[in-house]
Amino acid sequence: MSKLTLDGFFSYCKQIAEHIQLGERMAALSGQGTPRLTSAVGNLYYDSILPYREDANPQTREFLQRVLDVLLDYVQQVNDRNEKILDFKMPEEMLKILDLHLPEDPLPLKQLLEDCKTTLKHQVKTGHPHFFNQLSTGLDIVSLAGEWLTAAANTNMFTYEIAPVFILMENVVLEKMRNMIGWKGGDSILAPGGSVSNLYAFLAARHHKFPYYKEKGLTSLPGHLVMFTSDQCHYSVKSCASVCGLGTDYCICVPSDERGRMIPQELERLVRYHKDKGHIPFFVNATAGTTVLGAFDPLPEIADICEKYDMWMHVDAAWGGGLLFSKKYRHPRMTAIERADSVTWNPHKLMGTLLQCSTVHFKYEGILLSCNAMSAEYLFMTDKIYDPKYDTGDKVIQCGRHNDIFKLWLQWRAKGTSGFENHMDRLMELTEYMVRRIKEQPDKFQLILEPEMVNVSFWYLPQQLRHVPHSADKELLLGKVCAKLKGRMMQAGTIMVGYQPDERRPNFFRNIISSAAVTERDVDFLLAEMDRLGHDIIVD
Ligand code: HLD
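Residues numbered from 1 in each chain as written. Predicted model: local features only at pLDDT ≥ 70, side-chain atom pairs only at ≥ 80, totals over all residues. Heavy atoms only, no water.

(A) Seen up close, the pattern of salt bridges. Scanning the model with the defined rule gives 30 salt bridges in all. One salt bridge connects Arg466 with Asp531, and the closest N-O pair in it is separated by 2.9 Å. Taken as a pair, Arg466 in the loop between strand S10 (455-460) and helix H15 (472-492) and Asp531 in helix H16 (residues 520-534) lie far apart in primary sequence, 65 residues in all. For Asp531, a relative accessible area of 15% corresponds to the buried category. Salt bridges linked by common partners bring Glu147, Asp404 and Lys407 together as one network. (Salt bridge = Lys/Arg side-chain N within 4 Å of Asp/Glu carboxyl O. Helix = DSSP H or I, 4+ residues; strand = E, 2+ residues; numbered from the N terminus. Buried < 20%, exposed > 50% of the residue type's maximum accessible area, 1.4 Å probe, protein only.)

(B) Layout of the sheet that holds strand S3 (residues 225-230). The strand order across the open sheet formed by seven strands is S2-S8-S7-S6-S5-S3-S4, and the pairing between neighbours is mixed. A single partner strand is all that each edge strand has here, and the edge strands are strand S2 (187-191) and strand S4 (251-254). Along the sheet, successive strands turn relative to each other by an average axial angle of 20°, direction set aside. Sheet analysis places strand S5 (residues 280-287) next to strand S6 (residues 312-316), joined by five bridges and oriented parallel. Bridge pairing in S6 links Val284 to Met313. Sitting on the sheet, helix H12 (residues 299-308) is in contact with S5 and S6, with an inclination near 155° to S6. (Pairing = 2+ DSSP bridges. Axes fitted to C-alpha atoms, helices over the stretch in contact; angles between N-to-C directions. Contact = heavy atoms within 4.5 Å.)

(C) Spatial organisation of the sheet that holds strand S11 (residues 496-500). An order of S1-S11-S12-S10-S9 is seen for the five strands of this open sheet, with the pairing classed as mixed. The sheet is open, and its two edges are formed by strand S1 (131-132) and strand S9 (445-447), each paired on a single side. One ladder, built from three bridges, connects S9 with S10; its direction is antiparallel. Each bridged residue has a counterpart across the sheet, and for Leu447 the counterpart in S10 is Phe458. Those strands touched by H15 are S9, S10, S11 and strand S12 (508-512), and its axis lies near 150° from that of S11. Most of the contacts of H16 go to S10, to which it runs at about 25°, and overall it touches S1, S9, S10, S11 and S12.

Here it is in structure tokens:
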């Protein structure tokens, strides 16, 4: 047996260490177990990976690959029907479980990987086939790939100079969307959410009617402006009145019919009333797909009234816009949408594009620049080597703009326009299936109205309330059931459905099917699970 020298000992240790690392690497690559970094990389700190060290490619790649493994595991769990949607914890308890503190000294890469795992472990799986809680649901894989690329490209959308490909993509996608609305030409922008898209519409409308407002402000207005919207509209419309100086009292709520659609005769009556008072009616918001009931305001009649009284017509199709793809469902819901002056349409809702992806479109070319440009010299120089019309930054009231286009463009390439049409028809078909299943179980479920889109409004009846004649008192009890049953859903973590009251009734459930993951068996599971969790609820 040879004598062990000091050098030999060190070499032996190095071999063992390499062997361990190889083992760790093999285990990590085999995809078994929870993703782990080799100890050599896991114990490194941020300044040992790119861009702090030029020779840091191997450890940077290993770190990112393990993060990717965590993400891929999550994608798998999201789509696993045996997984819970959430493991609900009260905020106080959650704060105890999570280590959210910001340290004085750096943490090693292995801790950051653990942080990623812990974050996703406690996240609600909004792409799970049993998540019916929100308008934006699902986890479109191609759109996810697009979002990952977007993050890596990490650019701002304000100039062609720094986002050439993405700016051209925006132009192509937005023009296609305007064509689908029924316009040639026009203007569009992607905004951070439907509410801000509606705000852009309001600003453009005011600018269109009162072009001196930009420089002269309130003094340029000949009287008090009034805007109109249905009592079912998204609250952001009212917020425009507050933010833009009208005051919410001057955002007039037009009554809706029993199905949640604006009553055009009421609109006209209110427009006349305010005109007679010396106010200036100038803006009407029609909703195509209301948030709670999924109702569509009658666009042809509203367009007639807007024309008659020279008012700007905006259609908030943030929710319903996706149905423009469907030959079967577009009409009559959005018939006459081309008569609008502006349209909000959120791909992150029905189209399943990842959050956030919201668009607003205008009939008039150049209106956004004319309305919002401030001509900041350091960004939007007019003597650049390319046509400055490709710089979109001055069209908006924000400065920087997130890249929300790539994930939508890539998704559209994957699906084709026909793929989106199929998706819309499928969502509507599943909704019809759910309505049928609800009607087949009248002792347990009560449909509130026939839906126009994928919002299904209904009550669940626990044993206590079955076979009790319907009355206002019973509705109050059914409303209390919603809150109790939702609490049980959250605790069980197996399904999520939203509820709310409206002007006509106390709490009721609003089920949303807008995820490509949902199938008929998930709808059946949902109803059965509501009954399993709720049959013994007692309310008084
Ligand atoms: O304003 C809303 C926006 C969204 C969404 O983008 O998912 C309201 C809701 O969802 C909702 O689910 O009520």
